[in-house]
Amino acid sequence: SVLGIHSKLIKLYQFNLSTLATQAALIAGFSSSALGYSYTDVTYLPLAYIYYSLHTVSLVSAFIVLSQATVVVTFGPSFALKGTTSDSVKIAAIHMYNEQIHVYKIACVSITSLFIGSCIVNFSQYPNGISAITTVIYVLGYCYLVYNAYRMYNVFKDPEDDKLLDCEEVGQGRLKLTGKYYSVDKGEGD
């Protein structure tokens, strides 16, 4: 049944968001330890500003992923279970899908900042030759990561997802789902 499919989707999104939260906690740990590095040589002060800024962005965005995923995993299924309309499960699945994509984009910011910050710290600590080699390795690894993530996303993305899970908030607690309007409080409308 459609209800069963949406219930399975909610469980899948819960698992996906929990996985993203776990990875965000790991990235936050890396960023936090990177922020513990202290610069003693003022000749590299401009690099220090960039380094600390990037690792702060990585840490903060990892915290956002962690907290947002936790909130969605906690409240999404409860909305589905105690919703006031027969479409509560579908609405919860739609919101969880959209939040999953949103949280994933923030996680991309976190990992990108971590990669760039790691490249910058090399130039402040090591001779230019070693720094250039490690930076090339970081860039190649990052490009490989992005390429394969994008490739896998396109392999597994159903072109119908955007049509089936289209959800638009139209104000005053109302949602537009595939042509019908729903009120979060009252159910189906015009």
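Residues numbered from 1 in each chain as written. Predicted model: local features only at pLDDT ≥ 70, side-chain atom pairs only at ≥ 80, totals over all residues. Heavy atoms only, no water.

A short note on the overall build of the protein
Convention followed: Counting from the N terminus, the helices are DSSP H or I runs at least four residues long and the strands are E runs at least two residues long. Throughout this description, buried means an accessible area under 20% of the type-specific maximum (1.4 Å probe, protein chains only), exposed means over 50%, and partly exposed covers the range between. Throughout, a contact is declared for two residues whenever any of their heavy atoms are within 4.5 Å. Here the Shrake-Rupley method, with its probe set to 1.4 Å, supplies the accessible areas, and only the displayed protein chains count as covering residues.
Helix and strand counts for the protein come out as five helices and four strands. In the protein, the order of α-helices and β-strands from amino to carboxyl end is α-α-α-α-α-β-β-β-β. Expressed as a percentage of its 190 residues, the buried residues of the protein come to 33%. For the protein, the proportion of contacts with a sequence separation of at least 24, taken over those separated by at least 6, is 64%. Counting every atom, the protein has about 11600 Å² of accessible surface; 66% of that belongs to carbon and sulfur.

Notes on the packing of aromatic side chains
Applicable threshold: The criterion for an aromatic pair is that two Phe, Tyr or Trp rings (for Trp, the six-membered ring) have centres within 6.5 Å, with stacked assigned to planes under 30 degrees apart, edge-to-face to planes over 60 apart and tilted to the rest.
Within this structure, the stated rule accounts for four aromatic pairs. Here the aromatic rings of F115 and Y138 are separated by 6.3 Å at their centres, their planes lie at 90°, and the arrangement is edge-to-face. With F115 in helix α3 (residues 88-125) and Y138 in helix α4 (residues 128-156), this pair connects stretches of sequence that are 23 residues apart. Note on Y138: relative accessible area 30%, which makes it partly exposed. Taken together through their ring pairs, the aromatic side chains of F115, Y138 and Y142 make up a single cluster.

Some words on the environment of Y142
Under the convention used in this document: In the analysis that follows, any N or O atom pair within 3.5 Å is treated as a polar contact, provided that within protein one partner can donate a hydrogen and the other can accept it, and provided that, for residues neighboring in sequence, both atoms belong to side chains.
Looking at where Y142 falls in the secondary structure, it is placed in helix α4. Classification of Y142 by relative accessible area gives partly exposed; the value is 22%. Between the alpha carbons of Y142 and I116 there is a distance of 9.5 Å; along the sequence they are 26 residues apart. With sequence-adjacent residues up to four places away left out, Y142 is seen in contact with T112 and F115. One polar contact links Y142 to T112, side chain to side chain, over a distance of 2.5 Å.

Notes on the side chain of S113
Looking at the secondary structure, you find S113 in helix α3. Only 3.0 Å separates the side chain of S113 from the backbone oxygen of V109, close enough to count as a polar contact. Beyond its immediate stretch of four places on either side in the chain, S113 contacts L54, V57 and S58.

Here's the deal with a nonpolar patch on the surface
Applied cut-off: Residues forming no salt bridge and having over 30% relative accessible area are the ones grouped into patches, like charges within 9 Å of each other and nonpolar side chains (Val, Leu, Ile, Met, Phe, Trp, Tyr) within 5 Å. Salt bridges, as used here, are contacts in which a Lys or Arg side-chain nitrogen is within 4 Å of a carboxyl oxygen on Asp or Glu.
Among the surface-exposed residues, M152, V155 and F156 lie close enough to one another that they form a single nonpolar patch of about 320 Å² accessible area. Following the sequence through the fold, V155 ends up in helix α4.

Quick look at the nonpolar core
Counted only if it meets this: Definition used in this section: a nonpolar core is a set of buried Ala, Val, Leu, Ile, Met, Phe, Trp, Tyr and Cys residues joined via side-chain atoms within 4.5 Å.
Core analysis: the biggest nonpolar cluster contains 24 residues, and I10, L17, L20 and V65 have the highest contact counts within it. Every element with two or more residues in this core is listed here: α1 (2-35), α2 (45-82) and α3. Not counting residues up to four positions away in its chain, the partners in contact with I10 are P77, A80, V89, A92, A93 and M96. Membership of the second largest hydrophobic core comes to five residues, among which are A34, Y51, L54 and I120.

With respect to α4
Using the following cut-off: One less than the residue count of a helix, multiplied by 1.5 Å, gives the span that helix is expected to have.
The end-to-end C-alpha separation of α4 is 41 Å, in line with the 42 Å expected for 29 residues at 1.5 Å each. Those residues of α4 that fall on the buried side of the exposure criterion are S131, T135 and N148. Buried residues along α4 sit against α3.

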